[in-house]
Amino acid sequence: GDYSEKHPTSAGRPNLSSVDSALLLGLIGTILSVVSLTWQVVTWRESGARLEVRYCRGIPLGTSRPAQQLRGITITNRGRAATIVSGVTSRLPDGGHMPLIQDALGQIRFPREIKPGESITAYYAEDAVEHVLAGRGLPLSTKVTPEASCGHGNVRGRAVPAGAD
């Protein structure tokens, strides 16, 4: 009649299946909480504006100007919030920079709001960077970095040689 005769595993030693179950449930709970925390961090980081800045080239079409090749700095907002871009520049390795004062086509004016998913390109004359580099005694192989200033700080793109096509 007593309990230990009917349940021999409970006679002074722990029931291994209940310990395994408790350990398994604790492990599952820990894994789920880590996954949840990671997801919250990713969501928080992705919630603002995420700018991508890069160089490009182009030839204006449909203008009264003669066809000339232009260089540009393209800014793309891949985030979920709009941001205000106050200006763009080409940063030199020595820390100096060449701000783009005015878009060569007169289409982009700073400061400018960029909505989620939107891209804008500010163009400048192709020889503008070359003139600045020559004035500083730097070769065309000098790497310059596109940079945009916005409400979330300065965002830099990948550095490329100034004379690269």
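It should be noted that the structure appears before, not after, this text.
Described below are features of the structure shown in this document. Bear in mind the structure is a predicted one, so any value in this text is a computation, not a measurement. (Residues numbered from 1 in each chain as written. Predicted model: local features only at pLDDT ≥ 70, side-chain atom pairs only at ≥ 80, totals over all residues. Heavy atoms only, no water.)

Let's talk about helix H3 (residues 128-135)
Okay, step 1: When we look at burial in H3, the residues that qualify are Val129, Glu130 and Leu133. The arc that holds every buried residue of H3, seen down its axis, measures 100°, which confines them to one face. Exposed and oriented more than 90 degrees from the buried face of H3 are His131 and Gly135.
Okay, step 2: Check the buried side of H3 and you find it contacts strand E2 (70-77), strand E4 (97-99), strand E6 (119-125) and strand E7 (143-150).
Okay, step 3: Positive backbone phi, at 75°, marks glycine 137, one or two positions downstream of H3. (Buried < 20%, exposed > 50% of the residue type's maximum accessible area, 1.4 Å probe, protein only. Helix = DSSP H or I, 4+ residues; strand = E, 2+ residues; numbered from the N terminus. Arc of directions from axis to C-beta. Contact = heavy atoms within 4.5 Å.)

Here's the deal with the side chain of threonine 76
Okay, step 1: Looking at the element boundaries, threonine 76 is found in strand E2.
Okay, step 2: A distance of 2.7 Å separates polar atoms of two side chains, one belonging to threonine 76 and the other to serine 119.
Okay, step 3: Residue contacts for threonine 76: discarding those within four places in its chain leaves Arg50, Leu51, Glu52, Glu118 and Ser119. (Polar contact = N/O pair within 3.5 Å; in protein donor to acceptor, adjacent residues only side chain to side chain.)

Here's the deal with unusual backbone geometry
Of all residues except glycine, most have a negative phi; of all peptide bonds, most are trans.
Okay, step 1: Here the bond from phenylalanine 110 into proline 111 is cis, since omega is 0°, no more than 30 degrees from zero.
Okay, step 2: Tracing the backbone through its elements, the reader meets proline 111 in the loop between E4 and strand E5 (112-114).

Considerations on the nonpolar core
Okay, step 1: One finds Ile73, Ile75, Val85, Val88, Val129 and Val144 to be the most contacted residues of the largest nonpolar core, which totals 23 residues.
Okay, step 2: Of all the elements in the fold, those that place two or more residues in this core are strand E1 (51-58), E2, strand E3 (83-91), E6, H3 and E7.
Okay, step 3: Dropping the residues within four chain positions of it, isoleucine 73 is found in contact with Val53, Arg54, Tyr55, Val88, Thr89, Ser90, Ile120, Thr121, Ala122, Tyr124 and Pro146. (Core = buried A, V, L, I, M, F, W, Y, C linked by side-chain atoms within 4.5 Å.)

Quick notes on the sheet that holds E1
Okay, step 1: Spatially, E1-E2-E6 is the arrangement adopted by the 3 strands of the open sheet, whose pairing is antiparallel. A single partner strand is all that each edge strand has here, and the edge strands are E1 and E6. Taken pair by pair, the neighbouring strands of this sheet meet at an average axis angle of 25°, ignoring direction.
Okay, step 2: Both E2 and E6 contribute to a ladder of 7 bridges, which runs antiparallel. (Pairing = 2+ DSSP bridges. Axes fitted to C-alpha atoms, helices over the stretch in contact; angles between N-to-C directions.)

Focus: the pairing of E7
Okay, step 1: Extensive coverage of E7 is indicated by the burial of 6 of its 8 residues.
Okay, step 2: Note that E7 and strand E9 (residues 160-161) share 2 bridges and pair antiparallel. Residue pairing for E9: valine 144 is matched across the bridge by valine 160.
Okay, step 3: Where E7 and strand E8 (residues 153-156) come together, 4 bridges link them in antiparallel fashion. Bridge pairing in E8 places glutamate 147 opposite arginine 156.

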